[in-house]
Amino acid sequence: MIIKNSKIKRIEKVNLYIVNLPLVKPFETSFSVQTEREAIILEIISEGISGWGESVTSPDPFYSYETNFTTMEILKKYVIPVLKELKDFTVYDFINAVGRIRGYNMAKAAVENAILDLTAKLNSLHLYELIGGRRKKIMSGISIGLKKETSELIDSIKKALEKKYHRIKIKIKKGRDVDIVREVRKNFPDIKLMVDANSDYKLSDIEILKKLDEYNLMMIEQPLSYYDIYEHSLLQKELKTPICLDESIKNLSNVKTAIALNACKIINIKQGRVGGILNAKAIAEESFKNGIKVWSGGMLETGIGRAFNIHLQTLDYFTLPGDTSETSRYFKSDIAEPTVRLDSDGFIEIPSEGYGIGVNVLKERLGESVFSY
Ligand code: OSB
Ligand code: MG
């Protein structure tokens, strides 16, 4: 297999950039209101070819303990020096070399993904070919934030359905849940609908969560704590609605625990959260073998991170629509082209402008690099 045998001679240069893209609309979840996407972009260069990566972290530690600050520090102090030492190496050599760094999956993912992009480009392959993906287009899905008025939410859903999004996810939080879901269902009795709580509930809120069973939801995402698996298993026993884990799944070991405890029926795989595309694939495979469905989440990524999410979803294991939306729903202008669009049936094409992730990075929009090695 090319991915196992294709060696990179050495990384000649690493550049880190910070970009700040205003969101078209604020994005409210149970943990924050986000108005911009501040992203760390990583460029690694070998033989004159650039591989690109993006850290899915944000400035605040409200979704994860990892932030843009921790990514910067871990990359500068531990990951990039190790990367620069490697000679005639594969992506697996890199993974082994940073194995002693505990945690910091999002920082490591940015580099691993850049190595995969570079490996694909050096072998004249599209990223999906390198990782064994077969799908020629992927399903779309939209994650709609909390709104001041339910009428505004209904309006956003209407617009998303006109665009032909394949499923609608809405955010909920304690006190802004059952009434909103009831109203949405009244307006849209048959749509594929799910909710995401981002860990806002406790097991003692079970009576509220049980009420959601009436509304034929595809799933409820991450109702309980970001570190919990066990209490989700107790909750799942009492709910008809499938539980989907997001924050609680950081690695393959967490997946095995969740399976053994029957803590969920579905997993939202964010490649950044689990340490990159290869871990995401391993988790998808393990889940598939055990009857757990998976889909790809998103972290409001720029066109670079989004391209990785799209290539990942070409794998057969991804059977549910994910949080991959059109660029225009997030940003006025992005840092990579072509931007993501839905076709008339709501599908998304796999970017293939050139090899690797298949998008052209608009370097003039990155500004000066904030760190070079
Ligand atoms: O919980 O899935 C989440 C965005 C930022 C942090 C966490 C989450 C989200 C989303 C948006 O739901 C997904 C996207 O459209 O990229
Ligand atoms: Mg989520």
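Residues numbered from 1 in each chain as written. Chains lettered and ligands numbered in written order. Predicted model: local features only at pLDDT ≥ 70, side-chain atom pairs only at ≥ 80, totals over all residues. Heavy atoms only, no water.

For the rest of this paragraph, the subject is the overall build of the protein. The number of helices and strands found in the protein is 12 helices and 15 strands. Taken against the 2.2 N^0.38 rule, which gives 21 Å for 373 residues, the C-alpha radius of gyration of the protein at 20 Å falls within 12% of a compact globule. Taken along the three principal axes of its C-alpha coordinates, the protein extends 60 × 40 × 35 Å. Long-range contacts, defined as pairs at least 24 residues apart, comprise 73% of the intrachain contacts of the protein with a sequence gap of at least 6. Accessible surface computed for the protein: about 15900 Å², of which carbon and sulfur atoms make up 49%. (Helix = DSSP H or I, 4+ residues; strand = E, 2+ residues; numbered from the N terminus. Rg over C-alpha atoms; globule rule 2.2 N^0.38 Å. Contact = heavy atoms within 4.5 Å. Areas by Shrake-Rupley, 256 points an atom, 1.4 Å probe, with all protein chains shown as cover.)

With that settled, consider helix α12 (residues 303-312). Burial analysis of α12 places 10 of its 10 residues in the buried class, which makes it a mostly covered element. Restricting attention to buried positions, one finds in α12 the residues Gly 303, Ile 304, Gly 305, Arg 306, Ala 307, Phe 308, Asn 309, Ile 310, His 311 and Leu 312. (Buried < 20%, exposed > 50% of the residue type's maximum accessible area, 1.4 Å probe, protein only.)

All right, on to the packing of aromatic side chains then. Considering all chains together, one arrives at seven aromatic pairs under this definition. When the centroid spacing of 4.9 Å and the interplanar angle of 75° are considered together, the rings of Tyr 226 and Tyr 227 count as edge-to-face. You can call Tyr 226 partly exposed: its relative accessible area is 47%. Residue class for Tyr 227 comes out exposed when judged on its relative accessible area of 62%. With a centroid separation of 6.2 Å and an interplanar angle of 55°, the aromatic rings of Phe 371 and Tyr 373 are classed as tilted. On the basis of relative accessible area, Tyr 373 is assigned to the partly exposed category, the value being 40%. (Phe/Tyr/Trp six-rings, centres within 6.5 Å; stacked < 30°, edge-to-face > 60°.)

Judged by pairing direction, the sheet is parallel, and its seven strands sit side by side in the order β5-β6-β7-β8-β9-β10-β11 without closing on themselves. The open sheet is flanked by β5 (142-144) and β11 (293-296), the only strands paired with a single partner. Inspection of the sheet shows strand β8 (residues 220-221) paired to strand β9 (residues 243-245) by two bridges, in the parallel sense. Directly across from Glu 221, in β9, lies its bridge partner Cys 244. (Pairing = 2+ DSSP bridges.)

Another point: empty space enclosed by the protein. As enumerated under the stated definition, the model contains two cavities of 30 Å³ or more in all. The calculated volume of the largest cavity comes to roughly 40 Å³. Lining of the largest cavity is provided by Gly 303, Arg 306, Ala 307, Thr 327, Asp 334, Ala 336, Pro 338, Thr 339, Val 340, Pro 351 and Val 359. Here the element with the most residues in the lining of the largest cavity is α12; it accounts for three residues. Of the residues that constitute the lining of the largest cavity, the class distribution is six nonpolar, three polar and two charged. (1 Å grid on protein atoms, 1.4 Å probe; cavity = no way out; pocket = protein on both sides within 12 Å on 5 of 7 lines; lining within 4 Å. Points joined across faces, edges and corners; volume = space filled by probe spheres on them. Nonpolar A, V, L, I, M, F, W, Y, C, P; charged D, E, K, R; others polar.)

Below, the discussion takes up the packing of helix α2 (residues 68-85) against helix α4 (residues 105-122). The N-to-C vectors of α2 and α4 enclose an angle of 45°; their axes lie 9 Å apart at closest approach. When the axes of α2 and α4 are compared, the pair comes out oblique. Pair α2 / α4 crosses with right-handed handedness. Listed contacts from α4 to Thr 71, Ile 74, Leu 75, Val 79 and Leu 83 of α2 are Ala 107, Val 111 and Ile 115. Its residues assigned to classes, the contact of α2 with α4 comprises seven nonpolar, one polar and no charged. (Axes fitted to C-alpha atoms, helices over the stretch in contact; angles between N-to-C directions. Parallel < 35°, antiparallel > 145°, perpendicular 65-115°, else oblique. Left-handed = near helix turned anticlockwise from the far one by under 90°.)

The next thing to look at is the pairing of strand β10 (residues 266-269). Of the two faces of β10, the one lined by Ile 266 and Asn 268 and the one lined by Ile 267 and Ile 269 are each fully buried. Bridge count between β9 and β10: two bridges; the pairing is parallel. Within β10, the position partnered with Leu 245 by the bridge is Ile 267. Following the chain from β9 across helix α10 (residues 252-261) to the adjacent parallel β10, one finds a crossover that is right-handed. Pairing of β10 with β11 involves four bridges; the strand directions are parallel. Looking across to β11, one finds that Asn 268 is bridged to Trp 295. Handedness of the crossover joining β10 and β11 through helix α11 (residues 277-289) is recorded here as right-handed. (Right-handed = clockwise from strand over helix to strand, strands pointing away.)

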